[in-house]
Amino acid sequence: MEFKALQIAELIQGRVEGDPNATIYTFAKIEEGKPGAISFLSNAKYTNYIYDTESSVVLVDEALTLERPVKATLIRVKSAYEAVAKLLQMYDSMKPKKVGISSLAFIDSTAKIGKDCYIGPFVAIGPNVTIGDGCVFHPHVTIGEGTSVGNNTEIYSNAVIYHHCKVGNNCILHAGSVVGADGFGFAPSANGYDKIPQIGIVTIEDNVEIGANTCIDRSTMGSTYVRKGVKLDNLVQIAHNTDIGENTVMSSQVGVAGSTKVGKWCMFGGQVGISGHITIGDKVHLGAQSGVPGSLKDGENLIGTPPIPLTNYFRSSAIFKRLPDMYRQMNEMQKTINELQAKLAELTKE
């Protein structure tokens, strides 16, 4: 489908600067622009590309100041990043949606499947499962006994949801994700470790996205919770009995240990590690590779192990680089002090 710049601007409440009839039919990164494409600029590091990009239209922030003229038609918006996200969502919604149940799928006779669903080849749906309307299950998805999945949820190949778990509406589970595997519970004994049965479940609320190969463990008792709006990157580990607050986001390789409560609107960078049985407040931001041994208050912005405020961390990093020189200087100072003390002792004897 083709759209004119003016039509795009009206959709995203933007202002055209250039040719309102410039036509676009595809998306492209600004550094890989081509005629007929729409690009966006939201990171100042890429500003130099706007002067030579071949894209026909570029979304830019309203406040962007240019040093010289550009060839492309600009659409100025409050936030170019938010605007392109909206356009991509609209573009994705226009793609034809698969409907129908493959003859190669296995669906237990007691399962209930909603309207307008797509169930791909080799999907396995167990006894007493309930699937909402408009769901899409790609090949080789496995849904365990007694599980419920809400409306318009999409689950990609080789994802597994264990027995009796709950998944809400409008969720996305990417390939290889596992929901409801046993929590890591073992009791030391004279003969090794006795397994503690994990008899709880996992509850995933609405509008959650779970990345590829991410694992969310079932609780020992009760439920592990992933609240509405949470976004988890690939390779994230959520342990048993945790409670991840609404609209929290976690980058790849974050690990949250058991029985920890994470607040709303938190943001964790890659490889953050959270210890068990603690509470993380709302709107806490943790930089990549932070290690958190204890509870944190609302609104903290930290990095490091144990985490400290960003400003202190960067100051400490600058000092850390100088430690070898500082150590040498300290030894020289100590040597001088020792010599002065020895001379002072001799003068005192005299």
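Keep in mind the model is a prediction, meaning the values are calculated, not measured. (Residues numbered from 1 in each chain as written. Predicted model: local features only at pLDDT ≥ 70, side-chain atom pairs only at ≥ 80, totals over all residues. Heavy atoms only, no water.)

Enquirer: Describe the side chain of Asp217, naming the residues involved and giving the relevant values.
Expert: Relative to the helices and strands, Asp217 resides in strand β26 (residues 215–217). Among buried charged residues, Asp217 stands out as having no salt bridge; its nearest opposite-charge side chain is Arg218, 9.0 Å away. Every residue in contact with Asp217, bar those within four places of it in the chain, is listed here: Ala181, Asp182, Gly183, Phe184, Val202, Thr224, Gln237, Ile238, Ala239 and His240. (Helix = DSSP H or I, 4+ residues; strand = E, 2+ residues; numbered from the N terminus. Buried < 20%, exposed > 50% of the residue type's maximum accessible area, 1.4 Å probe, protein only. Lys, Arg positive; Asp, Glu negative; His and termini not counted. Salt bridge = Lys/Arg side-chain N within 4 Å of Asp/Glu carboxyl O. Contact = heavy atoms within 4.5 Å.)

Enquirer: Could you give me a rundown of the sheet that holds strand β34 (residues 267–268), with the residues and numbers involved?
Expert: Across the sheet, 12 strands lie side by side as β8-β11-β14-β17-β20-β25-β28-β31-β34-β37-β39-β40; this open sheet has mixed pairing. What marks the edges here is a single partner per strand, and that holds for β8 (100–101) and β40 (308–309). Summarising the sheet, strand β39 (residues 301–303) and β40 pair through 2 bridges and their orientation is antiparallel. Following the sheet pairing, Leu302 is matched in β40 by Pro309. (Pairing = 2+ DSSP bridges.)

Enquirer: Lay out the nonpolar core in plain terms, naming residues and giving numbers.
Expert: With 47 residues, the main nonpolar core has Phe137, Ile204, Phe268 and Ile280 as its most contacted residues. If you look at the next biggest cluster of nonpolar residues, it comprises 15 residues, including Ala9, Ile12, Val57 and Val77. (Core = buried A, V, L, I, M, F, W, Y, C linked by side-chain atoms within 4.5 Å.)

Enquirer: Could you give an account of the sheet that holds strand β4 (residues 26–27), naming the residues involved and the relevant values?
Expert: Within the open sheet, the 5 strands sit side by side as β2-β7-β6-β5-β4. Their pairing is mixed. Where the open sheet ends on each side, the last strands, each with one partner, are β2 (15–17) and β4. By the bridge criterion, 3 bridges tie β2 to strand β7 (residues 73–77) in an arrangement that is antiparallel. What sits directly across from Val16, in β7, is Ile75. The strands touched by helix α2 (residues 80–93) are β4, β5 (37–41), β6 (57–61) and β7; relative to β6, the strand with the most contacts, the crossing angle is about 135°. (Axes fitted to C-alpha atoms, helices over the stretch in contact; angles between N-to-C directions.)

Enquirer: Can you explain a nonpolar patch on the surface? Please cite residues and give values.
Expert: Together, Ile319, Phe320, Leu323 and Met326 make up a nonpolar patch on the protein surface, roughly 380 Å² of accessible area in all. Structurally, Ile319 is set in helix α3 (residues 310–349). (Patch = residues over 30% accessible without salt bridge, like charges linked within 9 Å, V, L, I, M, F, W, Y side chains within 5 Å. Areas by Shrake-Rupley, 256 points an atom, 1.4 Å probe, with all protein chains shown as cover.)

Enquirer: Go over the pairing of β5, please, and point to the residues and values.
Expert: Burial runs high along β5: 4 of the 5 residues are buried. As paired elements, β5 and β6 share 4 bridges and run parallel to each other. Each residue of the ladder has a partner; that of Leu41, found in β6, is Val60.

Enquirer: Can you tell me about α2, naming the residues and giving the values?
Expert: Between its first and last C-alpha atoms α2 spans 20 Å; for 14 residues at 1.5 Å apiece the expected length is 20 Å, and the two agree. Within the sequence span of α2, burial applies to Ala80, Ala83, Val84 and Leu87. Considered in projection along α2, the buried side chains sweep an arc of 95° and stay on one side of the axis. Opposite its buried face, α2 presents the exposed residues Tyr81, Glu82, Gln89 and Ser93, each directed more than 90 degrees away. Residues of α2 that are buried in the fold lie against α1 (5–11), β4, β5, β6 and β7. (Expected span 1.5 Å × (residues − 1). Arc of directions from axis to C-beta.)

Just distances and angles here, no functional claims.
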